[in-house]
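These are the residues of each chain, in order.
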Amino acid sequence: MIEFDCTCVQKHHSIPTEVIEVSDHAILKVPEILKDYHRIFLVADENTYEVAGRQVEALLKESGQLSHSLVLEAPALPDADSIGKVLIEAGRDREVYDITEWSWNPDYVLAVGSGSINDTCRMVSYRLGIPYGIVGTAPSMDGYASVVAPLLNGRKKIVYNCSIARHIIIDLNINAAAPYPLLLSGVGDMVGKYVAILDWEISRDRNGEYFCEQIADMVMKATDQVLASSVNLEKRDLAAIRATSEGLILSGECIAFCGSSRPASGTEHMIGQTWEVMDVEEGKIPNLHGIEVGEGVFVAIELFRKLYGETEDAHLKELIGKYLPVFDKIEKLQQTLKLPFTVTDKDRFVEGILRGRTFRERYTILQYLYDQGQLEVYANDVYDAVMKKYFYRTFKDQFPDWE
Ligand SMILES: [Zn+2]
Ligand SMILES: [Zn+2]
C-alpha cells in the first residue's frame, strides 16, 4: 500500500501497490516478490514472451509458483478478443471435470508486456477478483500503475475501471532494449500532461470540478523527469531509461491516487485516442498510443495558443499564460526528438478534434470552444500551424521545398 495525507477534499490518497521494483535484472527477483502466490497465470504476447516472458516462466516453474502461461498472437490489442482469450485460458479444468463445481481459478495474473497486455490483464484480474502484477517490457505508456484501462469494445474505445497492479517490476536492461518507437511512445504519453493539468485547472475554475494540487504537482514533476531524460533515450542510457520508467509509473500512480485519469489525460488524449478509434473503424491496427497522443499534444498546444491570443476572459488568459513557457519547451523538444506524426491529412486531423470532444465525458478546451461556437473554426485553423511549426520543420529533410 502506498499512501499519503493530502490537503484536498479527499484528505488521504492510497493505492494497493505493494512493490515497485525498477532495477538491473529485476526479473530475477520475480519469484521472491511474488512469494505469496503459488498458482500464477502468466500472460504475454509473442514478442514480450521472447524478450522476458520465457525467462519469467522458467523462473516461476523452477520455484513451483507457475500455474500455466498464455502467449497471445502479436500484436495483441486491448480488446474484447484478447480479454476473452485470457478469460477462457485463465481457468483450468480440474483433473476430473465436475458439472456441479465452478471453474478453477489461478491465484494471480502476471502480465508480461506493456500497454495492451497490461490493460487486458488488469480487466481480467478485476473481473475474476484476483490480484495482478506486471513485468514491464517497455517504458511506452503510463498505465502500469493506473486504475483505468481504455479497452476496445466493438468499434469503440471505452475507459473501464480495473484493478491496480500489486507489483510493478521493471527490468532496466529489458526496457533499454525496447524498440525506439516504444521509447518515443512513452515520451509522447507524458509530454501531454501539462495540457491535461491545464484542462483540469480550467474545469476546476469553470465547473467547480474536484482538483488536487498535490497530485497535479506530482504529475508535473514526473513529466519534467521524463522530458529531461528523453534526449538520452536513443543512446539507451540506463539512467534515462530508469528516469523515464519511474516517471511513467509515478504518473500512473497519480491516476490511481486521484481515482480517475483526470491528472494525466486531457485534450491530447481525447484527440489521440479518437484517431486510434478511427484506425480501428477502418480495420487498421492503431498506431502506438503515445505516438497518437504525442501528436494530440501539439494540436492542444496550438488550440491553447490561439485561444490565449484571442480570449477576452482575463482569468482564462492568465491560466493559459502560466503554461506558455512549457509549451515553448515542448516545441523545442520536438525538434530534438522528432516524435513521429501519424495524422497529416487535414480531414482526419480536423475530425479527430471534433469527435475528440465527446470521446469521453470530460471538460476540456474542446468543450469550451464548442460552447463558444468556435471549435470548428479553431480545428481548421490550427491544422496549418501544427503542420508548419512541428511536422514540416521537424522533418524538413523530407520536404526540401518547405520554408
Ligand atoms: Zn489530494
Ligand atoms: Zn496515455
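Residues numbered from 1 in each chain as written. Chains lettered and ligands numbered in written order. Predicted model: local features only at pLDDT ≥ 70, side-chain atom pairs only at ≥ 80, totals over all residues.

If you tally the helices and strands in the protein, you get 15 helices and 10 strands. Over its C-alpha atoms the protein spans a radius of gyration of 21 Å, differing by no more than 12% from the 22 Å that the globule rule assigns to 403 residues. Within the protein, the fraction of its 403 residues that count as buried is 51%. (Helix = DSSP H or I, 4+ residues; strand = E, 2+ residues; numbered from the N terminus. Rg over C-alpha atoms; globule rule 2.2 N^0.38 Å. Buried ≥ 20, exposed ≤ 12 C-beta atoms within 10 Å, placed from the backbone.)

Across the sheet, 6 strands lie side by side as S3-S10-S7-S6-S4-S5; this open sheet has parallel pairing. Strands with a single pairing partner mark the edges of an open sheet, and in this sheet they are strand S3 (19–23) and strand S5 (66–72). With strand direction ignored, the average angle separating the axes of adjacent strands in the sheet is 15 degrees. The sheet contact formed by strand S4 (residues 40–45) and strand S6 (residues 108–113) spans 4 bridges and is parallel. Bridge pairing in S6 places Val-43 opposite Ala-111. Packing of helix H3 (residues 80–90) onto the sheet brings it into contact with S4 and S5, and relative to S5 it is tilted by some 155 degrees. Packed on one face of the sheet, helix H9 (residues 238–258) meets S3 and strand S10 (167–171) and runs near 160 degrees to S3. (Pairing = 2+ DSSP bridges. Axes fitted to C-alpha atoms, helices over the stretch in contact; angles between N-to-C directions. Contact = placed C-beta atoms within 7 Å.)

So, about the packing of H3 against helix H4 (residues 115–128). Packing of H3 against H4 leaves a shortest axis separation of 9 Å and a crossing angle of 50 degrees. Taken together, the axes of H3 and H4 are oblique relative to one another. Note on packing geometry: the crossing formed by H3 with H4 is right-handed. Across the interface between the two elements, Ser-82, Ile-83, Val-86, Leu-87 and Ala-90 from H3 touch Ser-116, Thr-120, Cys-121, Met-123, Val-124 and Leu-128 from H4. Residue classes in the contact of H3 with H4 are distributed as 8 nonpolar, 3 polar and no charged. (Parallel < 35°, antiparallel > 145°, perpendicular 65-115°, else oblique. Left-handed = near helix turned anticlockwise from the far one by under 90°. Nonpolar A, V, L, I, M, F, W, Y, C, P; charged D, E, K, R; others polar.)

The next thing to look at is the packing of helix H12 (residues 314–337) against helix H15 (residues 375–394). For the pair H12 and H15, the least separation of the axes is 9 Å and the interaxial angle reads 20 degrees. Relative to H15, the element H12 lies roughly parallel. Along this stretch, H12 crosses H15, giving a crossing that reads as right-handed. Contacts between H12 and H15 involve Glu-331, Gln-334 and Gln-335 from the former and Lys-389, Tyr-390, Arg-393 and Thr-394 from the latter. By residue class, the composition of the contact of H12 with H15 is 1 nonpolar, 3 polar and 3 charged.

Another aspect to go through is helix H7 (residues 193–207). The α-helix advances 3.6 residues per turn, and as a result positions three or four apart in sequence lie on the same side. Here H7 contains 15 residues, and its C-alpha end-to-end distance of 20 Å stays within 8% of the 21 Å for a straight helix at 1.5 Å per residue. Within H7, the full set of buried residues consists of Lys-193, Tyr-194, Val-195, Ala-196, Ile-197, Leu-198, Asp-199, Trp-200, Ile-202 and Ser-203. The positive-phi residue at the C-terminal boundary of H7 is Gly-208, with phi of around 70 degrees. (Expected span 1.5 Å × (residues − 1).)

Moving on, we get to the pairing of strand S8 (residues 148–153). Counting buried positions along S8 gives 5 out of 6 residues, so the element sits mostly inside the fold. Two elements, S8 and strand S9 (residues 156–161), share 6 bridges in a ladder whose sense is antiparallel. Within S9, the position partnered with Asn-153 by the bridge is Lys-156. Following S8, the chain reverses through 2 residues before pairing antiparallel with S9; Gly-154 in that reversal takes a positive phi of roughly 65 degrees.

Once that is clear, we can look at the environment of Val-382. Residue placement: Val-382 occurs in helix H15. Through-space distance from the C-alpha of Val-382 to that of Arg-305 is 9.5 Å; in sequence the pair is 77 residues apart. Sequence-distant contacts of Val-382, that is, excluding residues within four places in its chain, are made with Val-299, Glu-302, Leu-303 and Lys-306.

Taken domain by domain, the protein holds domain 1 (2–176) and domain 2 (180–398). Domain 1 and domain 2 are separated by 27 Å when their C-alpha centres are compared. With 35 residues of domain 1 in contact, the opposing surface of domain 2 contributes 39 residues. When its residues are assigned to classes, the side of domain 1 that touches domain 2 shows 23 nonpolar, 8 polar and 4 charged. (Domains from an automatic or database assignment.)

Okay, the nonpolar core next. Within the largest apolar cluster, 121 residues are counted, with the highest numbers of intra-cluster contacts made by Leu-42, Val-43 and Val-112. Per-element tally for this core: the top contributor is H9, with 11 residues. Both domains that meet at this core, namely domain 1 (2–176) and domain 2 (180–398), each give it at least three residues. The contacts of Leu-42, once residues within four sequence positions are left out, are Gly-53, Val-56, Glu-57, Leu-60, Leu-66, Ser-69, Leu-110 and Val-112. (Core = buried A, V, L, I, M, F, W, Y, C linked by C-beta atoms within 7 Å.)

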